[in-house]
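Descriptive analysis of the structure
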Amino acid sequence: MANPLLTPELLRRLEQFQLLAARRAKSSARGERRSRARGQSVEFADYRNYVAGDDFRYLDWNLYGRLERLFLKLYEEERELPVRIFLDSSESMTFGEPRKFDFARQIAAAVGYVALCGFDRVSVIPFPDNPDEAAMRGALRTVRGRKSALRFFQNLSQLTAKGSANFNEALRRGALEARQAGVAVVLSDFLDPAGYEQGLTSLVARGFQVNTVQILAPDELAPTTYGDLRLVDSETGGLQEVTFGRYRLASYQQMVQNFCQRLREYCSARGINFFMASSNTSLEYLLLKQLRTAEVWG
Amino acid sequence: MNFLAPLGFLFALTIPVVVVFYLLKRKRVVKLVSSTLLWQKFLSETQASAPFQKLRKNWLLILQIILLILAVLAITRPYFPTKARSSELRVLILDASASMQSTDESPSRFDKARKEALSWVDSLREGDKMVVLQAAANTEVKQSETSDKSALRRAIESCTAMDSPTRLIPALKMAESLIRDRDKGSNPEIHLFSDGAFPDSSEFENKALPIIYHKVGQGANNIGITALDVRANPEDASQRAIYASVANFSTNNLETEVELKFENHLIDTRIVKLKPNEISPQVFLATQTNDGVFTIHSTLDDDLAADNDASIVSLLPHPVKVLLVTRGNSFLERALRAAPNVDLTVDSDLQNDGLAYDFVTLDGVTPTVWPKCNVMAIHVYNTNWFDKVTAEEAPPIVDWVPTHPLLRYVGFDNVRVAKSLLAKTPSWGVAIVYSTQASLIVAGDLGRQRIVWIGFDTVESEWPLRISYPIFMANAVEWLDPATVRNSQLLVHAGDPFRYGLSQPVASAEVTMPDNSTRKLNVDTNSNEIVFGDTFHHGTYHLKAGTNQTDFCVALLDEAESNIKPRDELKFGKYNQISATTLHRANMELWRTIAAVALAVLMFEWWYYHRRTV
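Attention in this report is confined to the structure presented alongside it. (Residues numbered from 1 in each chain as written. Chains lettered and ligands numbered in written order. Predicted model: local features only at pLDDT ≥ 70, side-chain atom pairs only at ≥ 80, totals over all residues. Heavy atoms only, no water.)

1. Some remarks on the overall build of chain A
Scanning chain A from N- to C-terminus turns up 10 helices and 10 strands. Expressed as a percentage of the 298 residues in chain A, the buried residues total 52%. Counting only contacts in chain A whose residues sit at least 6 apart along the sequence, the fraction spanning at least 24 positions is 75%. Surface summary for chain A: the accessible area is close to 13,900 Å², and the carbon and sulfur share equals 48%. (Helix = DSSP H or I, 4+ residues; strand = E, 2+ residues; numbered from the N terminus. Buried < 20%, exposed > 50% of the residue type's maximum accessible area, 1.4 Å probe, protein only. Contact = heavy atoms within 4.5 Å. Areas by Shrake-Rupley, 256 points an atom, 1.4 Å probe, with all protein chains shown as cover.)

Here it is in structure tokens:
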């Protein structure tokens, strides 16, 4: 299975993982996740009195022999785990070497693949909307089953990043659209002037188990252009003038650290897993080490 | 605070220009970034949407305005006026004598005086003028009246200290002539930068010169050689006796080792212990086989090095050839023969110019040919040496000059004269024995001829019967001996000219200085002597003029100069005393300090700018 996003070796190792959900699955579709619903599985859940019309196959005949009363054995229903991946495909994600968007797609592919291997339903929600990619984006709305992985990768790799994103609106809408809560993975640089708080709060409030990965380009962490600059915002087109020198690099880096730290603390306060990665970070290290250590999957 | 150049404030107009530059929009490099969110902290400094932008708080602008303010202040040359009066003419006299080389001030008194003088130049106001004189053995005008500070600085910096004593009077006379006709309102001043190491003078007692004395110096740790002479040992004519005086001018007991060298070979050494202000005469005896230079050296490392060495040329004594022209005078003949080392010839007349003799004694005889050598004329009327000669019976001897070399140990207390010629003292000589009306004995130098004239016939007086008579004749033999004259000329005090008589004309001469450098001298072929004036440093010089060669020595040998204790006041007569001033220079100019601060601000501004943009 060839795909441009993940290597076969990495895919083989990802197959060993399964997304760990802290909450029981609430999906209506059957799957392989334990749920609070009663249904057919091998996991015994409880007894209840027989009422007319019940399936005789679930009567506990041993108990009838001892008590001469009819009890029905109940089993846990295994449901699927909805996994929603919010992929920031705004213009700002096209920066960096390697590009932040490429790195985000690789993470999305990895998370999706792990979910598909676990018979979970995967939804990729790129934002902002791009009418030119409506078909691809529609196909990525619901993907289920391992056999869909190849198509999943192909659609993912054909996505492009452009336009100006409204982070809060995208996440809020994604939370409302979801019929059942599940696992949400947010892949973004979080560089939205309007902030990120409302969007993340919407997901948490909807009951999602949220994982965030902040992706920044190396040049954003340590700029290498100095002098009198006129900065043009790639999304808003706004002009800002600065005078920047090597001696002010430490001050800039401190400011970036503060920005990331605020985001980390916000996530931590709401039970959101937070990861921060430069776009030149080793993908294996992030997927196989950091996410596993944080028990995103295991 | 006042300003010497208030027009410099016009440069303050540049400050709004700088502000306008900051109002202008700066050309910047356009850079596309993912988001400007991370740059918010750096945005506040300069933002523009039009050619002119709103002025914001900018440390770079503030620094540059501070820099400009400092520059404008420096240009206006602010100063703090002090209590010194303003003066339109200041005559600076820098004492460049030997004592100013003392190292009790660092690096030397002269350097400190020069530095102080430079600070006065800096404080000169526009229009005020200054004259720079250098006073040592001679007074030299280093810079005539000018208000050009750079010229004045150059003049002061070109001054150098010498090994010569201070001759302050000529310098003060020159200064007085410069300020004499000045308007009193212009407050002319004479600033003397000195340690006061020179003899008192009463010359300006009634002149009330406006002298401001800037005392330089602190201590007086000095032992100096203040006198040096070499003669034949009176007790052993085969030996030479070197007489030296070693003086301690400090306030402590000092001990030094005094060395005697002959032609740079150590002959004798001795330890000399001296109490404060004690002068110790030292006599060294040495055997001399050839002409050469004796050097006395004090090894103590004191504040003044110029007087630690003194050299003297010693020529081997030769018999003095004396011709006595007389009709018969056994007293005189015996007295002359009694003098040491005399080769006496007696004759009744002189038929030639007498140059074969060292000197000729004419005893009442007018010779056929007048001698060209030195002459002692006794009772000789026709000499052409005097305007008028008169005769007098029994003239009384009323006074004599005991300090003259001819009258050393000679007295006329009980001498009576029967008859004598009397002459008025001529310009070429000095009277050493006086009668009531005129001179009885005259001595002096007329041209290159040394003359002793005795007006009375000695046999017509009681003098030959007195002990002073043979002593006088012995003194006369020594004084008239040309070798004595030559010897005395071979030691000159620093700063005094060296004279050397020529037996034949020369066109040029060469002098080798103590530091082995050479000076070429052009000599007038009609001149019968060489005069060399560059004797400002002590040591042994060598003169070569044609076939003639000689060494001569220059030494300080000045008690007043060796006494380096700085004097708090100078005495110009009994009632005219000038105290050392505590006056500071009139205007404490600040522009250098301000310029230094401006430079520091400029460097900080440069660093700050590059810190932001590099």
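2. A few points about the overall build of chain B
Within chain B, the secondary structure is distributed over 10 helices and 35 strands. Relative to its full complement of 614 residues, chain B shows a buried share of 50%. Sequence-distant contacts in chain B: of pairs separated by 6 or more residues, those separated by 24 or more amount to 67%. Counting only carbon and sulfur atoms, one obtains 53% of the accessible surface of chain B, whose full area is about 29,600 Å².

3. Let's talk about helix H3 (residues 109-122) of chain B
Residue and element names in this part refer to chain B. The end-to-end C-alpha distance of H3 is 20 Å, a good match for the 20 Å that 14 residues give at a rise of 1.5 Å each. With 10 of its 14 residues buried, H3 lies for the most part within the structure. Restricting attention to buried positions, one finds in H3 the residues Arg109, Phe110, Ala113, Arg114, Ala117, Leu118, Ser119, Trp120, Val121 and Asp122. (Expected span 1.5 Å × (residues − 1).)

4. Quick word on the side chain of Asp104(B)
Residues and elements named next belong to chain B. Among the secondary structure elements, aspartate 104 is positioned in the loop between strand E4 (89-95) and H3. There is a polar contact of 2.9 Å between the side chain of aspartate 104 and the side chain of arginine 109. Here glutamine 218 takes part through its backbone nitrogen, which lies 2.8 Å from a polar atom of the side chain of aspartate 104. Excluding residues within four positions of it along the chain, aspartate 104 makes contact with Arg109, Gly217, Gln218, Gly219 and Asp303. (Polar contact = N/O pair within 3.5 Å; in protein donor to acceptor, adjacent residues only side chain to side chain.)

5. Digging into unusual backbone geometry
At the junction of Phe127(A) and Pro128(A), the peptide bond is cis and its omega measures out at 10 degrees in the coordinates. Note on placement: Pro128(A) falls in the loop between strand E4 (121-127) and helix H4 (134-139). Cis geometry is found at the peptide bond from Ser106(B) to Pro107(B), where omega equals -5 degrees. Located in the positive-phi region is Tyr409(B), a residue other than glycine, with phi close to 65 degrees. Relative to the assigned elements, Tyr409(B) resides in the loop between strand E21 (399-400) and strand E22 (419-423).

6. Let's talk about the packing of aromatic side chains
Scanning all chains against the criterion turns up 29 aromatic pairs over all chains. Relative to Trp453(B), the ring of Phe386(B) lies with its centre 4.5 Å away and its plane at 55 degrees, an arrangement referred to as tilted. In this pair, Phe386(B) is assigned in the loop between strand E19 (374-378) and strand E20 (389-393) and Trp453(B) in strand E25 (residues 449-454), connecting sequence segments 67 residues apart. Measuring from ring centre to ring centre gives 5.1 Å for Phe412(B) and Trp463(B), while their planes differ by 40 degrees; the resulting arrangement is tilted. Note that Phe412(B) is positioned in the loop between E21 and E22 and Trp463(B) in the loop between E25 and helix H7 (468-480), a separation of 51 residues in sequence. Each member of the pair, Phe412(B) as well as Trp463(B), is classed as buried. Clustering of aromatic rings is evident, with ring pairs tying together Trp400(B), Phe412(B), Phe456(B), Trp463(B), Tyr469(B) and Phe472(B). Over the ring of Tyr266(A) we find Arg270(A), and its NZ or CZ is 3.7 Å from the ring centre. (Phe/Tyr/Trp six-rings, centres within 6.5 Å; stacked < 30°, edge-to-face > 60°. Lys NZ or Arg CZ within 6 Å of the ring centre and 35° of its normal.)

7. Things to note about the interface of chain A and chain B
The partner chain B presents 29 residues to the 35 residues of chain A that form the contact. Of the roughly 3,300 Å² buried between chain A and chain B, counting both surfaces, carbon and sulfur atoms make up 60%. Put simply, Arg28(B) and Asp228(A) hold a salt bridge, and the shortest N to O gap is 3.9 Å. Applying the counting criterion to the chain A and chain B interface returns 12 residue pairs in polar contact (both at pLDDT 80 or more). Residue assignment for the side of chain A that touches chain B shows that the elements contributing at least two residues are helix H8 (218-221), strand E8 (227-233), strand E9 (239-244) and helix H9 (249-269) of chain A. Looking at which element gives the most residues to the side of chain A that touches chain B, the answer is E8(A), with 7 residues. Residues that form the side of chain A that touches chain B fall into these classes: 16 nonpolar, 8 polar and 11 charged. When E8(A) meets strand E2 (residues 29-33) of chain B, the two strands line up parallel, connected through 5 bridges. Bridge pairing in E2(B) places Leu229(A) opposite Val29(B). (Buried area = accessible area lost by both parts, 1.4 Å probe. Salt bridge = Lys/Arg side-chain N within 4 Å of Asp/Glu carboxyl O. Nonpolar A, V, L, I, M, F, W, Y, C, P; charged D, E, K, R; others polar. Pairing = 2+ DSSP bridges.)

8. Looking at the pairing of strand E11 (residues 254-262) of chain B
Residue and element names in this part refer to chain B. Here E11 runs beside strand E12 (residues 265-274); their pairing, made up of 9 bridges, is antiparallel. Along E12, the bridge assignment pairs glutamate 257 with isoleucine 271. Between E11 and E12, which follow one another and run antiparallel, lie 2 residues, and glutamate 263 among them has a positive phi close to 50 degrees. As paired elements, E11 and strand E14 (residues 292-298) share 5 bridges and run antiparallel to each other.

9. Observations regarding the pattern of salt bridges
Applying the stated criterion to the full structure yields 42 salt bridges over all chains. As a salt-bridge pair, Glu177(A) and Arg84(A) come within 3.9 Å of each other at their nearest N and O atoms. One end of the pair, Glu177(A), is in helix H6 (residues 167-177); the other, Arg84(A), is in strand E3 (residues 82-88), with 93 residues separating them in the sequence. We classify Glu177(A) as partly exposed; its relative accessible area is 41%. Across the salt bridge formed by Arg466(B) and Glu462(B), the nearest N and O atoms sit 3.1 Å from each other. Through salt bridges with shared partners, a single network forms among Arg84(A), Asp129(A), Arg141(A), Arg173(A) and Glu177(A).

10. Thoughts on a nonpolar patch on the surface
All names here are of chain A. Together, Phe56, Trp61, Tyr64 and Leu70 make up an exposed nonpolar region whose accessible area comes to about 420 Å². Counting through the fold element by element, leucine 70 comes out in the loop between helix H2 (61-67) and strand E2 (71-79). Residue classification places leucine 70 among the partly exposed residues on the basis of a relative accessible area of 31%. (Patch = residues over 30% accessible without salt bridge, like charges linked within 9 Å, V, L, I, M, F, W, Y side chains within 5 Å.)

11. Overview of the nonpolar core
Counting 49 residues, the largest nonpolar core has Leu6(A), Leu14(A), Leu156(A) and Trp297(A) as its most contacted members. For this core, the element with the highest residue contribution is helix H3 (residues 100-117) of chain A, accounting for 13 residues. Discounting residues that sit within four places of it in the chain, Trp297(A) has contacts with Leu14(A), Phe17(A), Gln18(A), Leu19(A), Leu20(A), Ala110(A), Val111(A), Val114(A), Leu287(A), Leu291(A) and Arg292(A). One finds Ile225(B), Phe294(B), Tyr500(B) and Leu557(B) within the second-largest nonpolar core, a separate group that totals 44 residues. (Core = buried A, V, L, I, M, F, W, Y, C linked by side-chain atoms within 4.5 Å.)

Limitation: the analysis is restricted to geometry and does not speak to function.
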